[in-house]
Amino acid sequence: MRMQLLQERANDWRLWSLEGQTSLDEESLIELVDVTGHPVLAGFVMDSDCLVLEGRTRDQETWRACLDRAAMSAYMAENGQSVDDWFLGPEEAAERAVAWARAADLTPVPKAIADVLSKRSDPFVEEDLFQEFLAGLGIDL
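Peer 1: Just to check I follow, could you spell out the pairing of strand β3 (residues 40–46) for this structure?
Peer 2: Remark: a regular strand shows side chains that alternate across the two faces of the sheet. Bridging between β3 and strand β4 (residues 50–57) involves seven bridges; their strand directions are antiparallel. What sits directly across from L41, in β4, is G55. Where β3 folds back onto β4 in an antiparallel hairpin, the turn is made up of three residues, including D47, whose phi is positive at roughly 50 degrees.

Peer 1: Hey, could you run me through the side chain of R69 in this one?
Peer 2: Note on placement: R69 falls in helix α2 (residues 69–78). For R69, a relative accessible area of 16% puts it in the buried group. Separated by 2.9 Å, the side chain of R69 and the backbone oxygen of L88 make a polar contact. Here R69 is in contact with V83, D84, F87, L88, G89, P90 and L117, once residues within four sequence places are set aside.

Peer 1: Just to check I follow, could you spell out the sheet that holds β3 for this structure?
Peer 2: Sheets are built from strands that pair by backbone hydrogen bonding, the pairs being arranged parallel or antiparallel. The three strands are arranged β3-β4-β5 in an open sheet whose pairing can be described as antiparallel. For this open sheet the edge positions go to β3 and β5 (60–67), each flanked by a neighbour on one side alone. In this sheet, adjacent strand axes meet at a mean angle of 15 degrees when their direction is disregarded. Strand contacts of α2: β3, β4 and β5, with the helix running at about 105 degrees to β4, the strand carrying the most contacts. Contacts from helix α4 (residues 90–103) reach β3, β4 and β5, with the element oriented near 125 degrees to β5.

Conventions adopted
Numbers given to residues run from 1 along each chain, matching the order in which its sequence is written. Reporting in this predicted model follows two pLDDT cut-offs: at least 70 for local features of residues, and 80 or more for side-chain atom pairs to be given and counted; totals over whole chains, interfaces and linings ignore these cut-offs and use all residues. Working from all heavy atoms in the structure, the side-chain values ignore hydrogens and water. When DSSP finds two or more bridges between a pair of strands, those strands are recorded as paired. Put simply, DSSP H or I for four residues or longer makes a helix, DSSP E for two residues or longer makes a strand, and each gets a number counted from the N terminus. Burial classes follow relative accessibility: with a 1.4 Å probe on protein chains only, a residue under 20% of its type's maximum area counts as buried, one over 50% as exposed, and anything between as partly exposed. Throughout this description, a polar contact denotes any pair of N or O atoms lying within 3.5 Å of each other; where both atoms belong to protein, one of them has to be capable of donating a hydrogen while the other can accept it, and for residues adjacent in sequence the pair is counted only when both atoms sit in side chains. Should any heavy atoms of two residues lie within 4.5 Å, those residues are counted as being in contact. Here, axes are lines fitted to C-alpha atoms. For helices the fit covers the stretch in contact, and angles between N-to-C directions go from 0 to 180 degrees.

The analysis is restricted to geometry; functional conclusions fall outside its scope.
This is the structure:
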């Protein structure tokens, strides 16, 4: 696994890129939480159209949501699947994300998180929605 540091943020938060990874399985998320002692948030960008989010803390089950549900729905439909089969709905995802942020000693903005989970990306999900999502969690630049 090849890792590249993309960005350093306030309070020792880091954004890393894992080349060739399509997702982190639950075991990997649990291991990262154990090794770092901190909550983990993983994201998988799909052609800059939509993004899979997976979050984990010590005391929380892994939760999965996506950014730009409409684009994700189109990808899922190609394989005869539904976005609702794989991801939490925006309301439940927002609740889990807020709980995750609080467990990470962050100060989340629940309305901002809920809003971004219902938005479309323009133009690139990693440049707009993901950055808004991080800000809503309280992970500042």
